[in-house]
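# Summary of structural features
Residues per chain, in single letters:
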Amino acid sequence: ILGKVVQNLSVQIEQKEVNLEINLNAINTEVLADQVHVTNIFFNLMDNAIKYSNESPNICISTEDTDDGVMVSIKDDGIGIPKDQLSKIFEKFYRVPKGNLHDVKGFGLGLSYVKNMIELLKGKIEVNSKIDSGSEFKVTLPNT
Ligand code: ATP
Ligand code: MG
């Protein structure tokens, strides 16, 4: 699924000259879920990682086995998210109202879909971010 997501974003990845690192360390990647939705989750996170970064960003996709299931991390070294906005970015139509975000198009819907879907799948999403240094979104989906 992650391979398909990268393929679907190949134009953006090339145009922005993304340096992509992929570390697939998880062995137990069996998850019972709708493939289309799982693809959409990671598509949205990767799309954001590319959109909210400057030219030639470093983006790392990694997977790990955890006690709660398979963890997928999407980490960028982009513009970051201010601490006081972190709780709001998952709200429908919310976009961080700041600086160079103005020329990046979006509806503010991606992360609200991502969060709702992960909840339905009984998974979890965590975010770590630092302004001007980057963001990491970690998704954990329970194994079957
Ligand atoms: P859409 O996904 O609907 O096209 P969007 O990208 O603006 O539009 P979300 O994906 O829901 O909407 O993200 C909400 C907001 O969170 C974004 O507008 C942006 O301000 C911030 N954001 C999300 N991901 C990142 C990231 N990786 N780095 C920096 N800011 C981010
Ligand atoms: Mg988005």
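- The name that an unreviewed UniProt entry assigns to the chain is histidine kinase, with the source organism given as Lacihabitans lacunae.

### What about helix 3 (residues 35–51)?
- With 17 residues, helix 3 extends 24 Å between its outermost C-alpha atoms, agreeing within 8% with the 24 Å of an ideal straight helix rising 1.5 Å per residue.
- If you follow the buried residues of helix 3, they end up packed against helix 1 (2–8), strand 2 (58–66), strand 3 (69–76), helix 4 (110–120) and strand 5 (134–141).

### What about the pairing of strand 2?
- Relative to strand 2, strand 1 (residues 19–24) runs parallel, the two sharing 6 bridges. Bridge pairing links N23 to S62 in strand 2.
- Crossover connection from strand 1 via helix 3 to parallel strand 2: handedness left-handed.
- Hairpin remark: strand 2 followed by strand 3, antiparallel, with 2 residues in the connecting loop.

### Focus on the nonpolar core
- Of all hydrophobic cores here, the largest spans 23 residues; its most connected members are I41, F42, L45, M46, V72, I74 and V139.
- For this core, the elements supplying multiple residues, two or more each, are helix 3, strand 2, strand 3, helix 4 and strand 5.

### Considerations on the packing of helix 3 against helix 4
- The N-to-C vectors of helix 3 and helix 4 enclose an angle of 145 degrees; their axes lie 9 Å apart at closest approach. Read as a crossing pair, helix 3 and helix 4 show a hand that is left-handed. Here H37, N40, I41, N44, L45, D47 and N48 of helix 3 lie close against helix 4, whose contacting residues are G110, L111, Y113, V114, M117 and I118.
- Tallied by class, the residues present in the contact of helix 3 with helix 4 amount to 7 nonpolar, 5 polar and 1 charged.

### Concerning the environment of V36
- Position of V36 among the secondary structure elements: in helix 3.
- Sequence separation between V36 and M71 is 35 residues; the distance between their C-alpha atoms is 18 Å.

The rules behind these values
Residues numbered from 1 in each chain as written. Chains lettered and ligands numbered in written order. Predicted model: local features only at pLDDT ≥ 70, side-chain atom pairs only at ≥ 80, totals over all residues. Helix = DSSP H or I, 4+ residues; strand = E, 2+ residues; numbered from the N terminus. Expected span 1.5 Å × (residues − 1). Contact = placed C-beta atoms within 7 Å. Pairing = 2+ DSSP bridges. Right-handed = clockwise from strand over helix to strand, strands pointing away. Core = buried A, V, L, I, M, F, W, Y, C linked by C-beta atoms within 7 Å. Buried ≥ 20, exposed ≤ 12 C-beta atoms within 10 Å, placed from the backbone. Axes fitted to C-alpha atoms, helices over the stretch in contact; angles between N-to-C directions. Left-handed = near helix turned anticlockwise from the far one by under 90°. Nonpolar A, V, L, I, M, F, W, Y, C, P; charged D, E, K, R; others polar.

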